[in-house]
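Residue-level listing of the chains:
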Amino acid sequence: MAGESWGRVAEDGTVFVRTKDGERAVGQWPDAKPEEALAFYTRRYDALAFEVELLEQRVQAGTVSPDDARAAVKKVNSSLEEAQAVGDLDGLKARLEALTPLLAVQREKRKAERAAKVEEARSAKTKIATEAETIAAGTDWRHGVTRLRELLDEWKALPRLDKASDDELWHRFSSARTTYTRHRKQHFAELSSKREEAATVKERLAAEAETLSANTDWGPTSGRFRELMRQWKAAGPAPREVDDKLWARFRAAQDTFFGARDAIQAEENAEQIQNQQAKEALLVEIEAILPVTDAKTARDQLRDLLDRWDAIGKVPRDSMRAIDGRLRAVEQAVKSAEDEVWNKSNPEARARAEATVKQLQSLIADLEKQAAKHEAQGNTRKANEAREAIEARREWLTQAQNALTEFS
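All values derive from a computational prediction rather than experimental measurement.

Calculation notes
Residues numbered from 1 in each chain as written. Predicted model: local features only at pLDDT ≥ 70, side-chain atom pairs only at ≥ 80, totals over all residues. Heavy atoms only, no water. Pairing = 2+ DSSP bridges. Helix = DSSP H or I, 4+ residues; strand = E, 2+ residues; numbered from the N terminus. Axes fitted to C-alpha atoms, helices over the stretch in contact; angles between N-to-C directions. Buried < 20%, exposed > 50% of the residue type's maximum accessible area, 1.4 Å probe, protein only. Contact = heavy atoms within 4.5 Å. Domains from an automatic or database assignment. Parallel < 35°, antiparallel > 145°, perpendicular 65-115°, else oblique. Left-handed = near helix turned anticlockwise from the far one by under 90°. Nonpolar A, V, L, I, M, F, W, Y, C, P; charged D, E, K, R; others polar.

(A) Representation of the sheet that holds strand E3 (residues 22-28) within the structure. The strand order E1-E2-E3 describes an open sheet built from three strands, whose pairing is antiparallel. Of all strands in the sheet, those with a lone pairing partner are strand E1 (7-9) and E3, marking the two edges. Adjacent strand axes in the sheet meet at a mean angle of 25 degrees when their direction is disregarded. Where strand E2 (residues 14-19) meets E3, six bridges bridge the pair, whose relative direction is antiparallel. In the strand pairing of E3, Val15 is matched with Gly27.

(B) How the structure looks around the pairing of E2. Relative to E2, E1 is paired through three bridges, and the arrangement is antiparallel. When the sheet's bridge partners are listed, Val9 is paired in E2 with Val15. What sits between the antiparallel neighbours E2 and E3 is a turn of two residues.

(C) Geometry of unusual backbone geometry. Put simply, Leu290 and Pro291 share a cis peptide bond, and its omega is -10 degrees. Examined against the element boundaries, Pro291 turns out to sit in the loop between helix H7 (240-287) and helix H8 (295-312).

(D) Structural view of the environment of Asp166. Mapping Asp166 onto the fold places it in helix H5 (residues 163-212). Overall, the relative accessible area of 3% leaves Asp166 in the buried class. Along the primary structure Asp166 and Lys125 are separated by 41 residues, whereas in three dimensions their C-alpha atoms are 8.4 Å apart. Dropping the residues within four chain positions of it, Asp166 is found in contact with Lys125, Trp155, Arg160 and Leu161.

(E) Representation of the environment of Thr134 in the model. Within the element layout of this structure, Thr134 appears in helix H3 (residues 89-137). Note on Thr134: relative accessible area 55%, which makes it exposed. Along the backbone, Thr134 and Leu306 are 172 residues apart, and their C-alpha atoms lie at a distance of 78 Å.

(F) Geometry of the domain arrangement of the chain. Examined at the domain level, the chain breaks down into domain 1 (1-161), domain 2 (199-267), domain 3 (271-342) and domain 4 (347-406). On a C-alpha basis, the centres of domain 2 and domain 3 stand 43 Å from each other.

(G) Quick peek at the packing of helix H1 (residues 34-61) against helix H2 (residues 66-81). For the pair H1 and H2, the least separation of the axes is 11 Å and the interaxial angle reads 165 degrees. Here H2 runs roughly antiparallel to H1, going by the angle between their axes. Both H1 and H2 take part in a crossing whose hand is left-handed. Listed contacts from H2 to Leu48, Glu51, Val52, Leu55 and Val59 of H1 are Ala69, Ala72, Val73, Val76, Ser79 and Leu80. When its residues are assigned to classes, the contact of H1 with H2 shows nine nonpolar, one polar and one charged.

Right, here's the structure in full:
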């Protein structure tokens, strides 16, 4: 039996275990056979050996903390001192002692890991505090509150630091959240106040629009509605439910006014199209005056046609320029003919033309005398200059005589 190597049974049934310090009694079983007694105490040893083996596996696998493993080693080692078992108890102690250096290494490793985690937590908490301060300094009222909740959850999931560091970072984070919440509440309070003011303004605008809806002074009222719309947009949003109701009133008033205006304008447009057709037909008669051969007759004809023109009425705006342009062309032609007749019969203009002819004739006579004098003196240069001046004046004289002829 394996137990015989590590123990024996005395004649009185006492069972001994052998250790490096000698034999030690572990129990007594007087009525049993020696091999049965040894087998019993050997099974106790096997149980201790299993416990040691299990502890070795847990320590080597790192599934137990170094401190817990150390306590377990101490407890098992203590139980081996007075163990009532037969087996290599010294070997079990040696195996337990062999775990001590490994536990020291694991302890240092765990310590380094904890330190690393603490630094990671410090970095993470610093980042959280910094981001919270950035949010607090901004105006993202919609997403900022959600992000701060997420940051709080992230903070709670991180391990604590040393008290001083943890308190400092928490103070930064908490202060940022408090600042943001205060500013957010203030913002929405101001927003609520502005919306109430907007509701008051829009109530007034809707009431005025309803008053104007039956007005038939289309031009000024259309302009006023445009101004009311500008004020409506500038007022900003009111509370949603109130805003929707006021807008429905305002829009209904607009639709009533512009619907009535458009209906009237549609009637006017139909009439103006008929006017356009009438004026285009009349233009054929007006343009038949051209070319003007008798200014007085043309003026009399045009005057009668213009009376008919004015009686027709307005035409569509987009056709007005073309039609008026054709009429202006005829009016200008008649006026030009009248101006030409007047110029020919103007006594002052005739007198000016006669004076110009006489003045040029006198000047040419003087230049001819000068040319003859210079030729007689042998001054060819001055004589030529005088002849050139005479030729220029004669051209002017011809033009002046032609202008005078038009008055005859």
